[in-house]
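# Topology and contacts: notes
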Amino acid sequence: MGKKSKYDADLERLQILLVETQHWTIDQGRKTVIVLEGRDSAGKDGAIKRITEYASPRQTRIVALPKPTDRETSQWYFQRYVPHLPADGETVLFNRSWYNRAGVEPVMGFCTPEQHVQFLSDAPAFERILADDGIVLIKLWLDISKAEQARRLAERIEDPLKRFKVSPLDAEAQARWDDYSQARDRMLAETDHHPAPWTVVATDDKKAARLNIIRHILRSIGGPGAASDAPDPAIVFPASQSKGRLAP
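These numbers come from a predicted model, not from an experiment.

On to the packing of aromatic side chains, then. Counted according to the given criterion, the structure contains 14 aromatic pairs. Note on Y77 and F78: the rings are 5.4 Å apart at their centroids and 80° apart in plane angle, and the pair reads as edge-to-face. The class for F78 is buried, based on a relative accessible area of 2%. Each ring, one from Y77 and one from F119, has its centre 5.6 Å from the other, and the planes form 80°; the classification is edge-to-face. Here Y77 is found in the loop between helix 3 (70-73) and strand 3 (91-95), whereas its partner F119 is found in helix 5 (residues 113-132), with 42 residues between them in sequence. There is no split in this pair, since Y77 and F119 are both buried.

Further remarks concern the pattern of salt bridges. Under the defined criterion, the tally for this structure stands at 20 salt bridges. When the shortest N-O distance is used, the salt bridge between E90 and R61 registers 3.0 Å. With a gap of 29 residues between them, E90 in the loop between helix 3 and strand 3 and R61 in strand 2 (residues 60-63) connect regions that are remote in the sequence. Look at the salt bridges and you will find they share partners, linking E148, R151, R152, E155 and K162 into a network.

Each value, and the rule that gives it
- Residues numbered from 1 in each chain as written.
- Predicted model: local features only at pLDDT ≥ 70, side-chain atom pairs only at ≥ 80, totals over all residues.
- Heavy atoms only, no water.
- Phe/Tyr/Trp six-rings, centres within 6.5 Å; stacked < 30°, edge-to-face > 60°.
- Buried < 20%, exposed > 50% of the residue type's maximum accessible area, 1.4 Å probe, protein only.
- Helix = DSSP H or I, 4+ residues; strand = E, 2+ residues; numbered from the N terminus.
- Salt bridge = Lys/Arg side-chain N within 4 Å of Asp/Glu carboxyl O.

Okay, structure coming up:
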């Protein structure tokens, strides 16, 4: 077997630290929620795979909810997400989350403008309740350029192994690019708050993004994770510092 690439070696070191950090969170009874949002093809699935590859199967869950049922659409909006929140020692990763109502739903007309406005007001209050209960909430927005998104969406169609990634909404990602940009900017402006701030990740370079996402998560959780190198500030940065740095 040949020598490992720098990426593979860096990833292995970070995954070892992830295992050590999760062992600490389990021992300490810490509750962790990681929200991954972003444009289509920005790399959420790939990042989640590397984060959870060696995680404890009993204390780790990935939540990717389907379209809500008629009953769920009549509930309090956050209700369908609450049963998936972690107990002591658990880590939950949301591959898209309640923030559907800040992005795809208003852009595609799946919610009313009034529901959108109500959500932007309610989300920080909901997240404060989670934080007050001891949940560490890490919110990541994965950003991607329009050209790179187009390339990845085309690649999905051509690759038979990516069949399950192809969505009827893929074409809308490019056609409604500007609408999604406006929704993103409003979401970041209105729901970036202490103790649940948004962190932006530039993902045109997938491998660099994955490494830096893990570094950010490790340092956000603490414990053994505090020993991780800091993420590259050109790739991972607070939403409060994103002006002029997001894909237009």
